[in-house]
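Secondary and tertiary structure notes
So the chains spell out like this:
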Amino acid sequence: AEENGFYDDDDNYSDDANEDRQRQRKGRRHAKLPLASYFVILSEFCERFSFYGMRTILPLFFVKKLGSSERVATEAMALFTVGCYVTPVLGAFLSDAKWGKFKTIVRLSVVHLVGNFFLSFVASDPTAFGGSSGVGVALGLVALGTGGIKPCVSAFGGDQVVGVNNFGTGKSNN
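Here is a short report on the structure shown in this document. These numbers were taken from a predicted model, which means no experiment stands behind them.

Geometrically, a packed helix pair is captured by the angle between its two axes and the distance between the axes. Where helix H5 (residues 101-124) meets helix H6 (residues 132-159), the axes come as close as 7 Å, and the angle between the chain directions of the two elements is 150°. Classed by the angle they form, the pair H5 and H6 counts as roughly antiparallel. As H5 runs across H6, the sense of the crossing is left-handed. Split by residue class, the contact of H5 with H6 holds 20 nonpolar, nine polar and two charged.

Okay, here's the thing in structure tokens:
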């Protein structure tokens, strides 16, 4: 074995090195994910599924069901996408200054859900709900809900995991 005690003749770690590695491993605890984390993951999955599904069929809906031109359908899709990517600023403000992450996620998830339900009703009979203006209101609610929860979901999910050492710092998240 080497005199510093790190390797023996068989290139295996010696007792001193094994003790150091075991001490390091004890510092790395694998925390179980709390139930809230699974809800956050499910919520994010449903929101993304809704967003990308809508992006796929929304222009077709405008052209085939509402009788709009392709230009109008493209503009509506662009406005919806911009709404989804601008409203995170509002969600971040509400989370930091007013409600906190959890209440922001819950409240704006309800807005998102109401928007999706309203969009379903509008899609079933567009003339009964004001045609494209009803679709616009529904898409506005969906965009507000989608963007509003975006800055909060990842941070809230990370807050659920406690007792795990931060990489390289040796400090715990407790």
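This brings us to a nonpolar patch on the surface. A cluster of nonpolar side chains, contributed by Leu 33, Leu 35, Tyr 38, Phe 39 and Ile 41, occupies part of the molecular surface with about 540 Å² of accessible area. Relative to the elements of secondary structure, Phe 39 occurs in helix H2 (residues 35-65). Take Phe 39: its relative accessible area is 52%, and that puts it in the exposed class.

Take the nonpolar core next. Core analysis: the largest hydrophobic core is formed by 17 residues, its most contacted members being Met 54, Leu 58, Phe 62, Phe 80, Leu 119, Val 135 and Leu 139. Breaking this core down by element, the ones donating at least two residues are H2, helix H3 (70-86), H5 and H6. Sequence-distant contacts of Phe 62, defined by excluding residues within four places in its chain, comprise Gly 67, Ser 68, Ala 73, Ala 76, Ser 132, Val 135 and Leu 139. Listed in part, the eight residues of the second largest apolar core include Leu 94, Ile 149, Val 153 and Phe 156.

Definitions and limits used
Residues numbered from 1 in each chain as written. Predicted model: local features only at pLDDT ≥ 70, side-chain atom pairs only at ≥ 80, totals over all residues. Heavy atoms only, no water. Axes fitted to C-alpha atoms, helices over the stretch in contact; angles between N-to-C directions. Helix = DSSP H or I, 4+ residues; strand = E, 2+ residues; numbered from the N terminus. Parallel < 35°, antiparallel > 145°, perpendicular 65-115°, else oblique. Left-handed = near helix turned anticlockwise from the far one by under 90°. Nonpolar A, V, L, I, M, F, W, Y, C, P; charged D, E, K, R; others polar. Patch = residues over 30% accessible without salt bridge, like charges linked within 9 Å, V, L, I, M, F, W, Y side chains within 5 Å. Areas by Shrake-Rupley, 256 points an atom, 1.4 Å probe, with all protein chains shown as cover. Salt bridge = Lys/Arg side-chain N within 4 Å of Asp/Glu carboxyl O. Buried < 20%, exposed > 50% of the residue type's maximum accessible area, 1.4 Å probe, protein only. Core = buried A, V, L, I, M, F, W, Y, C linked by side-chain atoms within 4.5 Å. Contact = heavy atoms within 4.5 Å.

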